[in-house]
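Residue strings, one per chain:
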Amino acid sequence: FDSLTTIIYPNHLQSIGKQAFYDCDNLSSVMILDSVSTIGESAFSGCSNLTTVDFGKNLKTIGKSAFSNTGLRSVILPEGIDSVAARAFYACNSLKVASIPSSLQYVRGGSSSEASFGSCTNIDSIYWNAHNCATNQPFYYTDNKRIRVVEFGDSIKHIPNYFCQSFDSLTTIIYPNHLQSIGK
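Residues numbered from 1 in each chain as written. Predicted model: local features only at pLDDT ≥ 70, side-chain atom pairs only at ≥ 80, totals over all residues. Heavy atoms only, no water.

## A few points about the pattern of salt bridges
Worth spelling out the cut-off: A pairing counts as a salt bridge when a side-chain nitrogen of Lys or Arg comes within 4 Å of a carboxyl oxygen of Asp or Glu. Starting at the N terminus, helices and strands are each numbered in turn, a helix being any DSSP run of H or I of at least four residues and a strand any DSSP run of E of at least two. Burial classes follow relative accessibility: with a 1.4 Å probe on protein chains only, a residue under 20% of its type's maximum area counts as buried, one over 50% as exposed, and anything between as partly exposed.
One pass over the structure, following the stated rule, counts 1 salt bridge. For the salt bridge of Asp124 with Arg148, the shortest nitrogen-to-oxygen distance reads 2.7 Å. Here Asp124 is found in the loop between strand S9 (106-107) and strand S10 (125-128), whereas its partner Arg148 is found in the loop between S10 and strand S11 (149-152), with 24 residues between them in sequence. Judged by its relative accessible area of 39%, Arg148 is partly exposed.

Given below as structure tokens:
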């Protein structure tokens, strides 16, 4: 698939499988249709020129390393997504913005080599609205000292301990009106 630039798939496609478009260097944008609920492991990994992905509204799961080592500039996850696996956006060094909806239940934290957003060295802004997410520090191991803005969405009532730890360049935190507590 070295020369692949465009993907057109049927409206009823339900999943994109493991390594389906692995290392397609000429692929620059992808539209995930609303029918797709699962993006498999390493599905778009290594697509170094992939800068834009529009996620469909029925997406539930993004698999391990699905978009690792791509040129994505922003990740706007759709409302309704449940989980983002380990290394899903690992080493996306062009990534500037990450937006996490209230529906997200799991995003991998932990060491830089396993975190969903591990080694994303240029994240500047985070919008976080996942009030029931199991991970307290999803961006702690981004190897990123450039995060300047964190905005918490309206569904957030409690900020977990250490959420903004290691954000050395943080200049702005925007809290929701209904916030009840802030952790350490």
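## Some thoughts on the nonpolar core
The nonpolar side chains of soluble globular proteins are, as a tendency, buried together. This is how it is decided: Nonpolar cores were defined as sets of buried Ala, Val, Leu, Ile, Met, Phe, Trp, Tyr and Cys residues, with membership established by side-chain atoms within 4.5 Å. Only heavy atoms enter the contact rule, under which two residues are in contact if any of them lie within 4.5 Å.
Residues Phe44, Phe55, Phe67 and Phe89 are the most contacted members of the largest nonpolar core, which totals 48 residues. Elements supplying a minimum of two residues to this core: strand S8 (97-100), S10 and S11. Discounting chain neighbours no more than four positions away, the residues touching Phe44 are Ile7, Ile16, Phe21, Leu27, Val30, Ile32, Ile39, Leu50, Ala66, Phe67, Ser68 and Thr70.

## A few points about the side chain of Asn122
For clarity, the threshold we go by: Polar contact is defined as a pair of N or O atoms within 3.5 Å, subject to the rule that within protein one atom must be able to donate a hydrogen and the other to accept it, and that residues adjacent in sequence are counted only when both atoms are side-chain atoms.
Mapped onto the elements, Asn122 comes out in the loop between S9 and S10. Of the polar contacts made by the side chain of Asn122, one reaches the side chain of Thr121; its length is 3.5 Å.

## Looking at the environment of Gly40
Tracing the backbone shows Gly40 in the loop between strand S3 (38-39) and strand S4 (52-54). For Gly40, a relative accessible area of 13% corresponds to the buried category. When the C-alpha atoms of Gly40 and Lys18 are compared, they prove to be 4.6 Å apart, with 22 residues separating the residues in sequence. In contact with Gly40, not counting residues within four places along its chain, are Ile16, Gly17, Lys18, Gly63 and Ala66.

## Side note on the sheet that holds strand S1 (residues 15-16)
Filter applied, for reference: Two strands qualify as a pair provided DSSP detects at least 2 bridges between them.
Within the open sheet, the 5 strands sit side by side as S1-S3-S5-S7-S9. Their pairing is parallel. The sheet is open, and its two edges are formed by S1 and S9, each paired on a single side. Note: strand S5 (residues 61-62) against strand S7 (residues 83-84), 2 bridges, orientation parallel. Bridge pairing in S7 places Thr61 opposite Ser83.

## Topic: the pairing of S8
Relative to S8, strand S6 (residues 74-76) runs parallel, the two sharing 3 bridges. Note that in S8 the partner of Val75 across the bridge is Ala98. The sheet contact formed by S8 and S10 spans 4 bridges and is parallel. Across the sheet, the residue bridging to Ile100 is Trp128, located in S10.

## Some remarks on the environment of His12
Inspection of the secondary structure puts His12 in the segment before S1. Of the residues examined, His12 reaches a relative accessible area of 61% and is grouped as exposed. For the pair formed by His12 and Ser74, sequence separation is 62 residues and the distance between their alpha carbons is 26 Å.

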